[in-house]
Every structure is written in structure tokens, then in C-alpha cells.
Amino acid sequence: MGSSSNTNTSGGASDKEEKKEDKVKGKDSSEPSFKENERVLAYHGPLLYEAKVQRIENHEDEWRYFVHYLGWNKNWDEWVANDRLLALTEENMRKQHELDKNQVVDKTMKSGRSTQHKPKGSNADAKADKDDTKSLMKGKKRKSQPGTEIQEKEKRSSQSVLVLQFPLTLKKQLVDDWEFVSQMGKLVKLPRSPTVDDILKKYLEHRAKKDGKINDSYAEILKGLRCYFDKALPSMLLYKKERDQYAEEVKGDVSPSTVYGAEHLLRLFVKLPELLAFVNMEEDALNKLQIKLLDILKFIQKNQSTFFTTVYLDDGRKNADGAKTK
């Protein structure tokens, strides 16, 4: 009896250890590590992104999670294993920021070799900077070998993202905007004030005051951003529930940049790495551009309370007969 009892106890302890080990590996079939609708941090490449668990399934005794990267197009949604997810804690968020920081430092060090011998502040350098900016904002594409397009695009996109780090308050703004529209069915009231056009003009005035003159390279970037916004909005920057509103508000020769505001401009910054994936620029010139884009983001953050709306409307627009439509 005593021997049998000892054997059972040992076996129970062994089972507990195995279950504990399985749970660490994400293979505990009895209970998933994360729940549906839970916010998490998800690895995508070398970096961590804030995401939301939308669905859960158990596949061959291993839990998998279908995640949506907050603030990103749903085309990036994917199934991931347990080892790619972290709980959304302060400690893990610090880890996320540290990874971002390390990637930027690494990229800066690599590009430093190509800039250390260039004369600073010269007219030639200023002209080259302006020419590079024009080339970028016109969207000239790189030529690529067949079969390498996807890999090259992903590589270029990941490099661009490293520098376009969003301030935390703007990250939250993106998440809140996504939840208002996609989860709660609300819409931004249009036309916005200030509009995208207004914000870009305000930034140019800000730079002119700071620099003591109008900087041509910044003017070119802002012109390009306005062009990108008008072209990208209907195809890339709208959530499905916003398309009817777009059809009602943007007609004829009306430019989206004169109707929409900071909420949708911020979405453009999220998509810029993808839009600029094949731009024909040297890495040093691209780094300079990204520094300027980050400065624009900081300007938007500084004016966040006045640029962004705090009230979203229910998606109930009235037709000519006064009846609501959806």
C-alpha cells in the first residue's frame, strides 16, 4: 500500500511537470495562454508590435492565435504560435522600445560610413538632399529581378519602419481610431478641421520659423505627402465602414487632403514604408528623409490635442427622405 501510494504521488508530480512544460511551450491543450480580444505584443521579424487576438484555435495540441496588428491594414492579420506573443505588460513594452531603439542605432551606425567623409552644410550637399527628396516623393521604383520582388519589398519595408517610430501617444491614437471605426462602427465627422492640407501648411510655417527660411527639401516632402495621401486614401487608408462616407464627401475635383484630417494622415505614415519600398534612393538619402518624416510626426504629436477629433459619430447618415442609411 505504502509503495503504491509513493508510486502514484511520483507519477502525479511527473504529470504536473509535463503539463507545466507544455504550457511554457504553448502546447497546453486545456487552456490557451491568451484570450480572444486580448491585447498583446507580437513578434513580426525582429520587432514587437501591439496586436489584438481575434480568434483562437487548438491545432495538434498546440494553441494558435489569429492576431490583428493594431493600426495596420488587415492584410497583415495572421495566425501565430504562442512563442511569438508576449503579454502586454510594462516590462514587455520596455522590451519593445529597446528593440526599436537598437534597430535604429544599428542602422545609423551602418549608414555612418557613407556620410562621414561628406562636407557638411555645403551647397552641393543641400542640392543632393533636395534632388534625393524629389526622386523619393515622385515614387520612382527600383528594378528587381523576377522572383525577388516580395523578399526585397519586405526587406525595404522593414528597414523603413525602423526609423518611422511612432511616439507612444500617436500609437494610442491609432489604436483608438481603429477601435472607434472597426469595432464600434463610428466615423470621423467630415470635413475635418484642420484638414490634411492645413496641417502640412502649418508644419511648413513651423519649419520656416525655426530655420529662418523656407526649406526647399521640406517643401518637396510635404508636396509629396499630399500627393501620396490623395492617391492612397481610397485604396489603402480607409476602413471598410468608411467607404460610403468617402463616396459622399469626395466628389468631382475635390482632393481628399482638403476633406480629411489628422486621423487619416496618421494612417498614411503607417503605410509609408510599404509605399516607399521600391523608391530609387541611396540608403543615406533615405535615412535623411526618414528623419524629416519623424520630425513631422513629432510636430503632429505636439499638436495632438488640436489636430485630432475627440468625438466620433455613429454611422447613421440621412438620405434625401430623412431616413438613416447604413
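Here is what the cut-offs are and how they apply
Residues numbered from 1 in each chain as written. Predicted model: local features only at pLDDT ≥ 70, side-chain atom pairs only at ≥ 80, totals over all residues. Heavy atoms only, no water. Helix = DSSP H or I, 4+ residues; strand = E, 2+ residues; numbered from the N terminus. Expected span 1.5 Å × (residues − 1). Buried < 20%, exposed > 50% of the residue type's maximum accessible area, 1.4 Å probe, protein only. Contact = heavy atoms within 4.5 Å. Pairing = 2+ DSSP bridges. Axes fitted to C-alpha atoms, helices over the stretch in contact; angles between N-to-C directions. Phe/Tyr/Trp six-rings, centres within 6.5 Å; stacked < 30°, edge-to-face > 60°. Lys NZ or Arg CZ within 6 Å of the ring centre and 35° of its normal.

S.K.: Explain helix α6 (residues 196-211) to me, and be specific about the residues and the numbers.
M.R.: Counted at 1.5 Å a residue, the expected span for α6 with its 16 residues is 22 Å, and the 22 Å between its end C-alpha atoms agrees. Within the sequence span of α6, burial applies to V196, D197, I199, L200, Y203, R207 and A208. Each element contacted by the buried residues of α6 is listed here: α7 (216-237), α9 (262-275), α10 (283-302) and α11 (304-307).

S.K.: So what's going on with the sheet that holds strand β3 (residues 62-69)? Which residues, and what values?
M.R.: Spatial ordering of the open sheet is given by β4-β3-β2-β1-β5, a layout of five strands whose pairing is antiparallel. The open sheet terminates on both sides in strands that have one partner only, identified here as β4 (78-81) and β5 (85-87). The mean inter-strand angle of the sheet, taken between neighbouring strand axes irrespective of direction, is 50°. Looking at chain direction, β3 and β4 are connected through four bridges and run antiparallel. Bridge pairing in β4 links R64 to A81. Packed on one face of the sheet, helix α5 (residues 168-183) meets β1 (39-44), β2 (47-59) and β3 and runs near 40° to β2.

S.K.: Residue-level account of the packing of aromatic side chains, with values.
M.R.: Taken as a whole and assessed by the stated rule, the structure comprises ten aromatic pairs. Looking at R55, its charged tip hangs above the ring of F66, at a distance of 4.3 Å from the centre. The side chain of K292 reaches across the aromatic face of Y218, ending 5.5 Å from its centre.

S.K.: How would you sum up unusual backbone geometry? Please name residues and give values.
M.R.: Most peptide bonds take the trans form, and the phi angle of most residues other than glycine is negative. Of note, the bond from L190 into P191 is cis; its omega dihedral lies within 30 degrees of zero at -5°. Tracing the backbone through its elements, the reader meets P191 in the loop between β6 (186-188) and α6. The phi dihedral of N37 falls on the positive side, at around 75°, and the residue is not glycine. The topology assignment puts N37 in the loop between α1 (2-24) and β1. With a phi close to 55°, E60 is a non-glycine residue in the positive phi region. Relative to the elements of secondary structure, E60 occurs in the loop between β2 and β3. In this structure E60 comes out as exposed when scored by relative accessible area, which is 69%.

S.K.: Tell me about the pairing of β1, and name the residues and values.
M.R.: Relative to β2, β1 runs antiparallel, the two being bridged by six bridges. Bridging from a neighbouring strand, L41 pairs with E50 of β2. Counted between consecutive antiparallel strands, the loop separating β1 from β2 contains two residues, among which G45 sits at a positive phi close to 70°. Bridge analysis of β1 against β5 gives three bridges, and the strand direction is antiparallel. What sits directly across from L41, in β5, is L86.

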